[in-house]
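Given next are the chains, with one letter for each unit.
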Amino acid sequence: MTEAEISALLAPRPDAKWRAKQITNWIYKKASDNFEQMKDLPKELREELGSRMAVQPLQVSRHVTSKDGVDKLLVHGGDEEVFECVLLPYEDRVSCCISSQVGCPMACTFCATGLGGFDRNLSAGEIVGQYLMLQRISPRRISHVVFMGMGEPLLNLPNVLKALNLLHDEVGLSYRHLTVSTVGIVPQIYELAKERIPIHLALSLHSPFDKIRERLMPVNKKWPVEETVRAMRSYQKATGRKITIEYLLIDKLTDGIDQAQEVARLIKGVPSVVNLIPFNYVQTEQGFGRPTAERVRAFRRELESRRVNVTQRVERGQEIAAACGQLAGQHHGKFGSRRRVSALQVLS
């Protein structure tokens, strides 16, 4: 809830606005997880709120920490339908990766989450709750949030939009430090552009060729590469924000020089950065492999020779199954029996 919504909840108390300000400060600035900690509130109000409301909607099923300091939480909202969030400390910042859905309907063939099926959308409270839960275990302030966990954020756009606004207005994060990743749900890209929120939008492209991308990502059958990139160009123009192209390098499938050349052509003239991601092994029927370091370097050199801004993802937490869906896939709750639901069914 926003401060205004909490104020309305407390009406007709004469001090509703002031108490709402105190409560939002405890929840969003101090990451408090219970009303009893809010000692500047009257005891009767703390007791009343505690009987009616929850400060933290999530419970931890599993918490693992990697040798390089990455924390991954497997959480649920009381129903054992688990999803994941990850704390990623760096030298110059602390970032976190959060989920927008329980499972994912997109069925991308390289992704552990997509292989697990789909249950439901997360509420705005469950989305922001992941940030606050991670903030409680972080000794430093989390300054960056990426919606790159489980699920397709644009298929849960109303809740994702509210979560973005809560993170900005109540937690106090800069919109420029918030990133939403999408496989390319074209109508929702245009809808997000209309909001004019200056966040980063990242497209999971993974191949510029429709035939290959369709093999990897069924969504490409609905919205092919050219149409999807055109929507991203429109988003960039509407918001003025540089777009990110997430590019998964799979050995001898997406890492060819001809694909690097086509990526450069697709994004020519649009402020952007291409983030290269060498394949993080997931057991699939496809038998995908990780490219050699030389093939990765050659792909990067080709992009840079065509004046493309290139970064390469720093890989963290591999020994704790930090890739999306990997830890949830080991869970023996409801995750193993998720429904197979297509993106078009979710959209309808």
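Right above here is the structure, for reference.
Below, the structure is looked at part by part. (Residues numbered from 1 in each chain as written. Predicted model: local features only at pLDDT ≥ 70, side-chain atom pairs only at ≥ 80, totals over all residues. Heavy atoms only, no water.)

**Brief notes about the overall build of the protein**
Counting its regular elements, the protein contains 13 helices and twelve strands. Across the protein, every contact between residues at least 6 apart in sequence was considered, and the portion connecting residues at least 24 apart equals 66%. Counting every atom, the protein has about 15,500 Å² of accessible surface; 50% of that belongs to carbon and sulfur. (Helix = DSSP H or I, 4+ residues; strand = E, 2+ residues; numbered from the N terminus. Contact = heavy atoms within 4.5 Å. Areas by Shrake-Rupley, 256 points an atom, 1.4 Å probe, with all protein chains shown as cover.)

**A word on the nonpolar core**
Core analysis: the biggest nonpolar cluster contains 99 residues, and Y131, V145, F147, L167, I199, V274 and L303 have the highest contact counts within it. Among residues more than four places away in sequence, those in contact with I199 are L164, Y175, L178, V180, L192, Y235 and R241. Counting residues in hydrophobic clusters, the runner-up holds eight residues, among them V70, Y90, M148 and A202. (Core = buried A, V, L, I, M, F, W, Y, C linked by side-chain atoms within 4.5 Å. Buried < 20%, exposed > 50% of the residue type's maximum accessible area, 1.4 Å probe, protein only.)

**Details of the packing of aromatic side chains**
Tallying each qualifying case throughout the model produces two aromatic pairs. Seen from their ring centres, F279 and F288 are 6.1 Å apart, and the 85 degrees between their planes marks the pair as edge-to-face. Owing to a relative accessible area of 3%, F279 belongs among the buried residues under this scheme. The lysine or arginine in question, K30, covers the ring of W26, its NZ or CZ lying 4.1 Å from the ring centre. (Phe/Tyr/Trp six-rings, centres within 6.5 Å; stacked < 30°, edge-to-face > 60°. Lys NZ or Arg CZ within 6 Å of the ring centre and 35° of its normal.)

**Some points on unusual backbone geometry**
Put simply, A11 and P12 share a cis peptide bond, and its omega is 10 degrees. Assignment of secondary structure puts P12 in the loop between helix 1 (3-10) and helix 2 (16-29). One non-glycine residue, A31, lies in the positive phi region at around 55 degrees. For A31, the position within the fold is in the loop between helix 2 and helix 3 (43-52). When its relative accessible area of 6% is taken as the criterion, A31 is described as buried.

**Side note on the layout of surface pockets**
Counted as a void, the second largest pocket has a volume near 370 Å³. Forming the boundary of the second largest pocket are 19 residues, of which M1, I27, Y28, A54 and V55 lie nearest the centre. Tallying contributions element by element places helix 5 (residues 124-137) first for the lining of the second largest pocket, with five residues. Looking at side-chain class alone, the lining of the second largest pocket contains 16 nonpolar, two polar and one charged residues. (1 Å grid on protein atoms, 1.4 Å probe; cavity = no way out; pocket = protein on both sides within 12 Å on 5 of 7 lines; lining within 4 Å. Points joined across faces, edges and corners; volume = space filled by probe spheres on them. Nonpolar A, V, L, I, M, F, W, Y, C, P; charged D, E, K, R; others polar.)

**A word on the sheet that holds strand 11 (residues 272-278)**
Hydrogen bonds along the backbone pair up the strands of a sheet, which may run parallel or antiparallel. Spatially, 1-2-3-4-7-8-9-10-11-12 is the arrangement adopted by the ten strands of the open sheet, whose pairing is mixed. The open sheet has two free edges, formed respectively by strand 1 (59-65) and strand 12 (310-312), since each of these has just one partner strand. With strand direction ignored, the average angle separating the axes of adjacent strands in the sheet is 20 degrees. With three bridges joining them, strand 9 (residues 200-204) and strand 10 (residues 243-249) adopt parallel strand pairing. Within strand 10, the residue paired with L203 across the bridge is I245. Along the sheet, helix 5 contacts strand 1, strand 2 (71-76), strand 3 (83-89), strand 4 (94-97) and strand 7 (144-147); its crossing angle with strand 3, the most-contacted strand, is approximately 40 degrees. The sheet contacts of helix 6 (residues 157-171) involve strand 7 and strand 8 (178-182), and relative to strand 7 the element is tilted by about 175 degrees. (Pairing = 2+ DSSP bridges. Axes fitted to C-alpha atoms, helices over the stretch in contact; angles between N-to-C directions.)

**Side note on the environment of M106**
Summarising the element assignment, M106 is placed in the loop between strand 5 (101-103) and helix 4 (112-116). It is 7.4 Å that separates the C-alpha atoms of M106 and M217, two residues lying 111 residues apart in sequence.

**Examining the side chain of Q236**
Examined against the element boundaries, Q236 turns out to sit in helix 9 (residues 225-239). Given a relative accessible area of 12%, Q236 falls into the buried group. In this structure Q236 touches R241, I243, V270 and P271, once residues within four positions along its chain are discounted.

**Concerning the pairing of strand 4**
Residues of strand 4 alternate between two faces, with V94 and C96 on one and S95 and C97 on the opposite face, all of them buried. Sheet topology note: the strand 3/strand 4 ladder contains four bridges and is antiparallel. Bridge assignment links L88 to a residue of strand 4, and that residue is S95. The antiparallel hairpin formed by strand 3 and strand 4 contains four residues in its connecting segment. As paired elements, strand 4 and strand 7 share three bridges and run parallel to each other. Looking at strand 7, one finds that C97 is bridged to V146.

**Considerations on the packing of helix 2 against helix 6**
The interhelical angle for the contact between helix 2 and helix 6, taken along N-to-C directions, is 115 degrees, at an axis separation of 10 Å. Viewed along their axes, helix 2 and helix 6 adopt a mutual orientation that is roughly perpendicular. Here helix 2 runs over helix 6; the crossing is left-handed. Contacts between helix 2 and helix 6 involve T24, Y28 and K29 from the former and L166, E170 and V171 from the latter. Along the lines of polarity and charge, the residues of the contact of helix 2 with helix 6 split into three nonpolar, one polar and two charged. (Parallel < 35°, antiparallel > 145°, perpendicular 65-115°, else oblique. Left-handed = near helix turned anticlockwise from the far one by under 90°.)

**Some details on helix 5**
An ideal rise of 1.5 Å per residue puts 20 Å on 14 residues; helix 5 measures up with 21 Å between its terminal C-alpha atoms. Counting buried residues in helix 5 gives eleven out of 14 residues, a clear majority hidden from the surface. All buried positions along helix 5 are accounted for by A124, E126, I127, V128, G129, Q130, Y131, L132, M133, L134 and Q135. (Expected span 1.5 Å × (residues − 1).)

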